[in-house]
Amino acid sequence: MFLHHKKIKLENIYTFNSLENFSSFSTIQLLIFSLVFASIGSFTASIIFRISPNSDNSNNLNILFPRSFCPSCKLTLKPLHLLPIFGFIVLKGKCSYCNNKISLFYPLTEIFFLLIGLINLYIYGISIFLIFNLILIFLFYILFFMDLRFYRLPLSINIMLVAYGFIGNYFFKVFYDIDSYILNMSPLRFSLYGFLIGYISLWFINYLFKKVYKKNGIGGGDFILFGGLGSIFGPFSLSIILLLGSILGIALYILFRKEFNEQIPFGSCLILGSITFFLIKRFELLDYFLVI
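The following paragraphs examine the structure supplied in this document.

Criteria and thresholds
Residues numbered from 1 in each chain as written. Predicted model: local features only at pLDDT ≥ 70, side-chain atom pairs only at ≥ 80, totals over all residues. Heavy atoms only, no water. Helix = DSSP H or I, 4+ residues; strand = E, 2+ residues; numbered from the N terminus. Buried < 20%, exposed > 50% of the residue type's maximum accessible area, 1.4 Å probe, protein only. Phe/Tyr/Trp six-rings, centres within 6.5 Å; stacked < 30°, edge-to-face > 60°. Expected span 1.5 Å × (residues − 1). Arc of directions from axis to C-beta. Contact = heavy atoms within 4.5 Å.

## Considering the environment of Ile250
Tracing the chain through its elements places Ile250 in helix H9 (residues 238-255). Under the relative-accessibility criterion, Ile250 is labelled exposed at 52%. Each C-alpha atom, one on Ile250 and one on Ile264, is 8.8 Å from the other, the two residues being 14 residues apart in sequence.

## Focus: the packing of aromatic side chains
The description of two aromatic rings rests on the distance between their centres and on the angle between their planes. For the structure on display, the rule yields 34 aromatic pairs. Measuring from ring centre to ring centre gives 6.5 Å for Phe105 and Tyr106, while their planes differ by 75 degrees; the resulting arrangement is edge-to-face. Residue classification places Phe105 among the buried residues on the basis of a relative accessible area of 13%. Taking the relative accessible area as the measure of exposure, Tyr106 reaches 23% and is therefore partly exposed.

## Topic: helix H5 (residues 155-172)
A rise of 1.5 Å per residue sets the reference length of H5, with its 18 residues, at 26 Å; its end C-alpha atoms lie 25 Å apart and thus fit the reference within 8%. When we look at burial in H5, the residues that qualify are Ile157, Asn158, Leu161, Val162, Tyr164, Gly165, Gly168 and Asn169. Each buried residue of H5 lies within a common arc of 150 degrees when the element is viewed along its axis, so the set occupies one face. In H5, the exposed positions angled more than 90 degrees off the buried face are occupied by Leu155 and Phe171. Of the surrounding secondary structure, the elements contacted by the buried residues of H5 are helix H4 (128-150), helix H7 (187-213) and helix H8 (220-233). Just past H5, the residue Lys173 takes up positive phi, approximately 55 degrees.

## Notes on unusual backbone geometry
Of note in this structure, Asn99 is not a glycine but carries a positive phi near 70 degrees. In this structure, Asn99 sits in the loop between helix H2 (86-90) and helix H3 (105-124). A positive phi angle is found at Asn184, which is not glycine, with a value near 60 degrees. For Asn184, the position within the fold is in the loop between helix H6 (178-182) and H7.

The values are spatial; any link to function lies outside them.
Dropping the structure here:
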C-alpha cells in the first residue's frame, strides 16, 4: 500500500529552507561567521588529538587543559599561532619553536568546517536547524576519524550523540519525519525506538557471530553508535543506514585491503551511511511515498 504524503507539511531539518539565504548578511557578518566555523574546526581537530590513544602524555590531557602546544617540542603556542587557517599560513606549516611540520589535518579540518558551515548557513540561515546540524557534524567528524585511525569510538562522544538525538527530536523535532507523524509515533518514541532497535540489532548480530566464531565481530562502541543514529534519524532509517554502511565498508575493504586486512572501521562506515541517508532525505528521494 502506498500513501502519498507530499501534501502534509512538517517543518524539520529536511524541509526547512532559509528564505533570505546570504542576502540578509553583511560582509562583516559573513567574515565573523567564517571565523566561528573555522574555529569550530580548530576545536574539533584539537579534541581528536587530545583524546587520541596515541597522544603523548594523553593521561594528562583533557578537552580544555593544558593550553594548546606543539606536539613535538611541547612548548605552548602563542595566540597568533592559534588563529584558524591564518595561523598555519603565517607559520608556513611549521612550528615557530622547533621548526617541525604541522600536520595538515589541522588546517584541512578548519577549511572543512568553514565550508560546511557556510553551506549550512546558506541553507538554514540563523535557525535551530543550523545549530543542530553543526553539532551533528562536529560529533560525526570526531567519531569518524577516531574509528578510522584508532578503531575507537569514545564512550563520551557516543553518549553525546545519543543525547543529541533525544534532545533534538523531543524538544525541537529536528529529524522527526512525516512517516512517523502518519503512524502517530511521538518524537520521544521516535528516538527511543530508534535507539533500542539500533543498539539491540547490532548486539544480536554480534551475539550470533560470537557463537559461531568464538570472538567479537562488532565492537561495543558500534552498538551505541548505531543506537545513537537511531535516536537521531528514527527506527525506519536504520535498515537503509546499515545497508549503505555495509556497502561502503565492503568498498573500503576492497580499495584499501592492505590497510584493513584484519578489520574495518565499521563505525566510520555507518557514519558515512548516515550522511548519505540524510542527503537522500534532504533531496526528497525517499519522501514521495510511504511504504507500509
